[in-house]
Amino acid sequence: MKSLYVYLFSLFMIIGCSKSEEVKPQPESNSPIELETLVPDAANLKLIVLSGRALHLNNEQIKDHGFIMLADPGYELPENKISLGKIIQVGKITKKIDPTKELIAIGSFTYKFYVETNLGIYYGEPIRVALSSIFIDYQSDLQGTVGEKITVNGDFAKITDGYTLYSNYNDPKEIKYVLSSNKNSIQFEIPSGYNHGTKLSIYLRPKAGNTAIDHNLNIAEVKILGTLDPPAHYEFYLNDYLRLSGPSATSGPFDKMYIIIGDKLVPYFYELALFDLIYEQPRSSYRIGYFNGRDTVIFPEKIRFKTPRPEDVQLRQAFVHPGGTMAATGLDMTRFYHMSVATVGNKEAYYNAHWTGNDQIQIGDVPDGSYPLIINSPFFNYTSKEKIQVQSLKPKSLSLSKGYYGQKITIYGNFINKERYFIQLGNYQYSESIAEAGSVTFYIPGVAPGKHPITLSYQDMNSKTYSVKSALTIEVLAPTFESFSPKSGKPGDIITLKGKGIGYGRILLGGEYVDVIGGNADAPQISIPNRFIYKGKAHFDVQFDHEWMQSKETFEIL
């Protein structure tokens, strides 16, 4: 056992350390310890293999366990304690001993299995054993894989076709075997159908009517070792799962199998996230194999990761402004995002993938020019074949150079279709506009009359604003109040005012505010409020932030 620990330690040093696995403590049990003394696996004149089973262990502190050869009444055979130490697990325990001359002379013995704790000693029921004259070199430390051949030496001269070889007392399965020509050895193959770490008792059972040897003959105990088949393919994406299986392969708390990937050794599970296994050891390829407790197997090929192709990124618009977003498609960033950094023009960029394929490349404040998308990752380096054209926003002309409040103005320039822009007149912030076909439109707001320089701006995906002061100006003309109709009316009647941009002011009749209920900037409509209880003539007034306007004529309230 010591050599196995040394081997495992050496293997870990060669292959590399893996993350420690968190093991959740099991709840303590106060049930009494249960033990069972088993029939010896071998008991002949040359070899004795004592056998016991720990059925249940609790939270008591183990001080010792082993077997006790009991004093045999009438014979000078003293009690003999065979200690196996403090370390014990639930399951079968065996111990090989050589029969003493005194024991051979007596021809029989009694023994029992014991466990000593801080609270006392527990025993299995004693078993009386008669030594057999048939010698079998019982093997209790064997281990092997499915199909591996095992040879056990012994005196098999009396073994004929009247005996069948079985594995596992609890669920017996017949095994084919071959006797050597001189009948001094038996050979069989390790059967399938058992999980890694399972210990099989291999024994010969006499068929009905055969009396040469009328009891089972244990010949070996074999620990099953799992094996893994090579992966179905060796090319993966970073977010793929590694799925390996093979004869007897299983995961569990004891007798673990291990996956070897690159320099890491990790407990075997059928499905493992590849990125979790390799993120600490970035490279382009990884050896892959397994360790089953005895054999280290490395598969003939290395695992390689698929990387994006230069032509994968396809741009879906002609250009982008500094700090803007370029419509694109082609990269599935769920496969390629791991620990990657994107740049455009040596400035950090982001490839924002969308499940519809309408992806966006967010660039930084990059100077005008032509740049590829570059993605650097510990696992791959990528440069797009198509280049991103970066153009600063350049407004060129206006549909009108002057106008009244509410008049529609179109600005022409290299505006990106369906992008959102903001328009500012002088110091007056104006609302947003969605570009169409290289232009944006706005309606002259109610700002002070005069010439106002136009500033345009847009925002990136993080709401950072990029502003461009253009050489364009718009002259805002002062509103005019021309007339109204009809000239008289009573509460509830609708009156239409006429002028230029007059609808952008607040309208008063006889000094009282009235609500605009329709019309447009040049012809707003108001309704005479029902609260007006007096009759007579009154002026219309229009209030702007910067001035007042009054009608020349008076309106008569009937």
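Check the entry above for the structure.
Let us look at the structure shown here. (Residues numbered from 1 in each chain as written. Predicted model: local features only at pLDDT ≥ 70, side-chain atom pairs only at ≥ 80, totals over all residues. Heavy atoms only, no water.)

A short note on the overall build of the protein chain
Rule in force here: Secondary structure is summarised from DSSP: a helix means a run of H or I of at least four residues, a strand means a run of E of at least two, and numbering begins at the N terminus for each. Each radius of gyration reported is based on C-alpha atoms, and the globular scaling rule is 2.2 Å times the count of residues to the power 0.38. Each residue's exposure class comes from its accessible area (1.4 Å probe, protein chains only) as a fraction of the maximum for that residue type: buried when under 20%, exposed when over 50%, partly exposed otherwise. The criterion used for residue contact is that any of the two residues' heavy atoms lie within 4.5 Å. In this description, accessible areas are obtained by the Shrake-Rupley approach with a 1.4 Å probe, and a residue is regarded as covered only by the protein chains that are shown. For the charge count, each Lys or Arg is scored as positive and each Asp or Glu as negative, with His and the chain ends excluded. Where a charge sits is defined by one atom per residue type, namely NZ (Lys), CZ (Arg), CG (Asp) or CD (Glu).
Helix and strand content of the protein chain: 4 helices and 49 strands. Here the C-alpha atoms of the protein chain give a radius of gyration of 46 Å, more than 25% beyond the 24 Å that 2.2 N^0.38 yields for 558 residues. Each principal axis of the C-alpha distribution contributes one length, and for the protein chain these read about 145 × 60 × 45 Å. Going through the 558 residues of the protein chain one by one, you find that 44% of them count as buried. Contacts spanning at least 24 positions in sequence make up 61% of the contacts within the protein chain whose residues lie at least 6 apart. When the accessible surface of the protein chain is summed, it comes to about 29,600 Å², and 49% of that surface belongs to carbon and sulfur atoms. Side chains of the protein chain give 56 positive and 58 negative charges; the mean places of these two sets differ by 5 Å.

Examining the pattern of salt bridges
Opposite charge on two side chains lets them pair, provided their charged atoms get close. The condition that has to hold: Each salt bridge in this description consists of a side-chain nitrogen of Lys or Arg and a carboxyl oxygen of Asp or Glu lying within 4 Å of one another.
Summed over all chains, the structure comprises 18 salt bridges. Its salt-bridge partner being E271, residue R243 comes within 2.7 Å of it at the nearest N-O pair. With R243 in strand β18 (residues 241–243) and E271 in strand β21 (residues 271–273), this residue pair connects regions lying 28 residues apart in the sequence. For R243, a relative accessible area of 42% corresponds to the partly exposed category. Among the residues examined, E271 registers a relative accessible area of 39% and is labelled partly exposed. A salt bridge links R294 to D295; its shortest N-O distance comes to 2.9 Å. In the salt-bridge network here, residues are joined through shared partners; they are D41, K92 and E221.

Focus on the packing of aromatic side chains
Applicable threshold: Ring pairs are drawn from Phe, Tyr and Trp, using the six-membered ring of Trp, whenever the two centres fall within 6.5 Å, and their geometry is named by plane angle: stacked under 30 degrees, edge-to-face over 60, tilted for the rest.
Summed over the entire model, instances satisfying the criterion amount to 17 aromatic pairs. Summarising the aromatic geometry, the rings of Y286 and F305 are spaced 5.7 Å apart at their centres and angled 75° between planes, so their arrangement reads as edge-to-face. With a gap of 19 residues between them, Y286 in strand β22 (residues 285–286) and F305 in strand β25 (residues 303–305) connect regions that are remote in the sequence. Accessibility expressed as a relative area gives 11% for F305, which makes it buried. Aromatic side chains F484 and F555 sit 6.1 Å apart centroid to centroid with 65° between the ring planes, which places their arrangement in the edge-to-face category. Of this pair, F484 sits in strand β41 (residues 480–485) while F555 sits in strand β49 (residues 548–557), placing them 71 residues apart in sequence.

What to know about the sheet that holds strand β13 (residues 177–179)
The test is simple: Two strands are said to pair when DSSP picks up at least two bridges between them. Only C-alpha atoms enter the line fits that serve as axes; for helices the fit covers just the stretch in contact. Angles between N-to-C directions range over 0 to 180 degrees.
One open sheet accounts for 3 strands, arranged β10-β14-β13; its pairing is antiparallel. The open sheet is flanked by β10 (149–153) and β13, the only strands paired with a single partner. With strand direction ignored, the average angle separating the axes of adjacent strands in the sheet is 20°. Here β10 runs beside strand β14 (residues 185–189); their pairing, made up of 5 bridges, is antiparallel. In the sheet register, V152 faces β14, and the bridge partner there is I186.

As for the side chain of S108
Along the chain, S108 turns up in strand β6 (residues 108–117). Apart from residues no more than four positions distant in its own chain, S108 is found in contact with D72, L103, R128, V129, A130 and L131.

Notes on the environment of E556
Positionally, E556 belongs in strand β49. Between the alpha carbons of E556 and E386 there is a distance of 72 Å; along the sequence they are 170 residues apart. Apart from the residues within four sequence positions on either side, E556 is in contact with K487, S488, G489, G536 and K537.

Interpretation in functional terms is not warranted from these geometric data alone.
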